[in-house]
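Observations on the three-dimensional arrangement
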Amino acid sequence: MLYTIKNNILSISADTFGAELHSINKDGTEYLWQCGDSWKRYAPVLFPFICSPTGKKYSAKGVEYIMPANHGFARDSEFEFLSKTENSVSFILKSNDETLKVYPYDFEFIVTYTLEDNRVIVSNLVKNTGNEDMYFYVGGHPAFNCPIEENLEFSDFYVEYEKNETIIQPLPDGTSRVIIDGENKYALSRQLFDYDVIMKDKPASKSIALKSDKSDRAVTVEFPESDCIAVWSPTGDDNATFVCLEPWTSVPTYADDEDFAIENKKHAIKLSANECYDYKYTIKID
């Protein structure tokens, strides 16, 4: 079921399925990708994995499990509506017989969207409701229209980091390519994503923006609690008029493949029994 909240600047909608944002609208302009044929998502929530381990297999408490879906199961789960105020809406997913088949921990996962002026504050609250430590990854995958408005092209936009970064992308043949070297932005093109997602581990920046010199409209994702920021769009598909700006708690699960046991994966978050972990990021709309 879809729920809508608004203030004097923004209107947003989010669904109980996946607790996923479906719309971010300002002055009649839609900023969020509308789940087209090129990618049938809007802004999925990533939990309890970011990407997948090799073969989708891992172990927990000495037992082997298969996480069948990429990015975990939250994005394909029906959440319960939890609450709504004038400026916020919350959804909850609780561990159940189905989640326990692929992830052996008891939890509550609460996703909340809060409007504050021209910002959408996204909260991903994990509660360990079990009697032992639990391990997980969490992140966002919002897709923003690019171009944001009509009469512009995908290539009119660029990605801008808050601070200068160096991003070197490894390639399948064992070589690498430099995306930026001590700079803070790069132009968008289809070829840019020929080798999939562009990630920056432990960035100096705490925000990233989608901008154009031909428009005053922009999107900025602020991620003060993230150790990794990713940028992605499908390569070779001119109908994929969107760019994902993805704040993650860390590098993806596959980066920890040297450890099969989730307890030993160095980037997994460890949460003690009865404790909470609240991962937040903000989407700023101009």
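Residues numbered from 1 in each chain as written. Predicted model: local features only at pLDDT ≥ 70, side-chain atom pairs only at ≥ 80, totals over all residues. Heavy atoms only, no water.

Time to look at the pattern of salt bridges. All told, the structure shown has 15 salt bridges when counted by the stated rule. The salt bridge involving lysine 101 is made with glutamate 98; its shortest N-O contact spans 3.1 Å. Here lysine 101 and its partner glutamate 98 are both found in helix α1 (residues 97–102), 3 residues apart, which amounts to about one turn of the helix. For glutamate 160, the salt bridge identified is with lysine 211, shortest N-O distance 2.6 Å. Placement of the pair is glutamate 160 in strand β15 (residues 157–170) and lysine 211 in strand β18 (residues 207–212), with a sequence separation of 51 residues. Assessed through its relative accessible area of 18%, glutamate 160 is described here as buried. Residues participating in the shared-partner salt-bridge network are Arg41, Arg75 and Asp76. (Salt bridge = Lys/Arg side-chain N within 4 Å of Asp/Glu carboxyl O. Helix = DSSP H or I, 4+ residues; strand = E, 2+ residues; numbered from the N terminus. Buried < 20%, exposed > 50% of the residue type's maximum accessible area, 1.4 Å probe, protein only.)

Time to look at the pairing of strand β8 (residues 80–84). Summarising the sheet, β8 and strand β9 (residues 88–94) pair through 4 bridges and their orientation is antiparallel. Considered in β9, the bridge of serine 83 is made with serine 90. Connecting β8 to the next strand, β9, in antiparallel fashion are 3 residues. (Pairing = 2+ DSSP bridges.)

Cis rather than trans, the peptide bond between phenylalanine 47 and proline 48 has omega equal to 5°. Looking at the element boundaries, proline 48 is found in the loop between β5 (45–46) and β6 (57–60). The omega torsion of the bond from cysteine 146 to proline 147 falls at 15°, within 30 degrees of zero and hence cis. Residue placement: proline 147 occurs in the loop between β14 (143–145) and β15. The phi torsion at histidine 71 lies on the positive side, around 65°, for a residue other than glycine. The topology assignment puts histidine 71 in the loop between β7 (63–66) and β8.

Attention shifts here to the sheet that holds strand β3 (residues 21–26). Judged by pairing direction, the sheet is antiparallel, and its 4 strands sit side by side in the order β1-β2-β3-β4 without closing on themselves. Edge strands, defined here as strands with exactly one partner in the open sheet, are β1 (2–6) and β4 (29–30). When β3 meets β4, the two strands line up antiparallel, connected through 2 bridges. Bridge assignment links asparagine 25 to a residue of β4, and that residue is glutamate 30.

Okay, the sheet that holds strand β16 (residues 176–187) next. With antiparallel pairing, the 9 strands of this open sheet are ordered in space as β8-β9-β10-β11-β23-β19-β18-β15-β16. Each of the sheet's edge strands pairs with one partner strand only, and the pair in question is β8 and β16. Across the sheet, the mean angle from the axis of one strand to that of its neighbour is 20°, orientation sign disregarded. Strand direction decides the pairing type here: β15 and β18, joined by 5 bridges, are antiparallel. (Axes fitted to C-alpha atoms, helices over the stretch in contact; angles between N-to-C directions.)

You can see histidine 141 is positioned in the loop between β13 (139–140) and β14. A residue is classified by how much of its surface remains accessible, and histidine 141, at 6% relative accessible area, is buried. For histidine 141, the residues in contact, after removing those within four places along its chain, are Trp39, Tyr42, Ala43, Pro44, Leu46, His71, Trp232, Cys244 and Glu246. (Contact = heavy atoms within 4.5 Å.)

Within this structure, the stated rule accounts for 23 aromatic pairs. Note on tryptophan 39 and phenylalanine 242: the rings are 5.5 Å apart at their centroids and 25° apart in plane angle, and the pair reads as stacked. Taken together, the residues tryptophan 39 in the loop between β4 and β5 and phenylalanine 242 in strand β21 (residues 242–248) connect sequence positions 203 residues apart. Each member of the pair tryptophan 39 and phenylalanine 242 is classed as buried. For the pair tyrosine 279 and tyrosine 281, a centre-to-centre distance of 6.3 Å together with 45° between the ring planes defines the contact as tilted. Judged by relative accessible area, which is 6%, tyrosine 281 ranks as buried. Joined through ring pairs, the aromatic side chains of Phe47, Phe73, Phe79, Tyr103, Tyr105, Phe107, Phe109, Tyr135, Phe136 and Tyr277 make up one cluster. Across from the ring centre of phenylalanine 154, 3.9 Å away, lies the NZ or CZ of arginine 190, which sits over that ring. (Phe/Tyr/Trp six-rings, centres within 6.5 Å; stacked < 30°, edge-to-face > 60°. Lys NZ or Arg CZ within 6 Å of the ring centre and 35° of its normal.)

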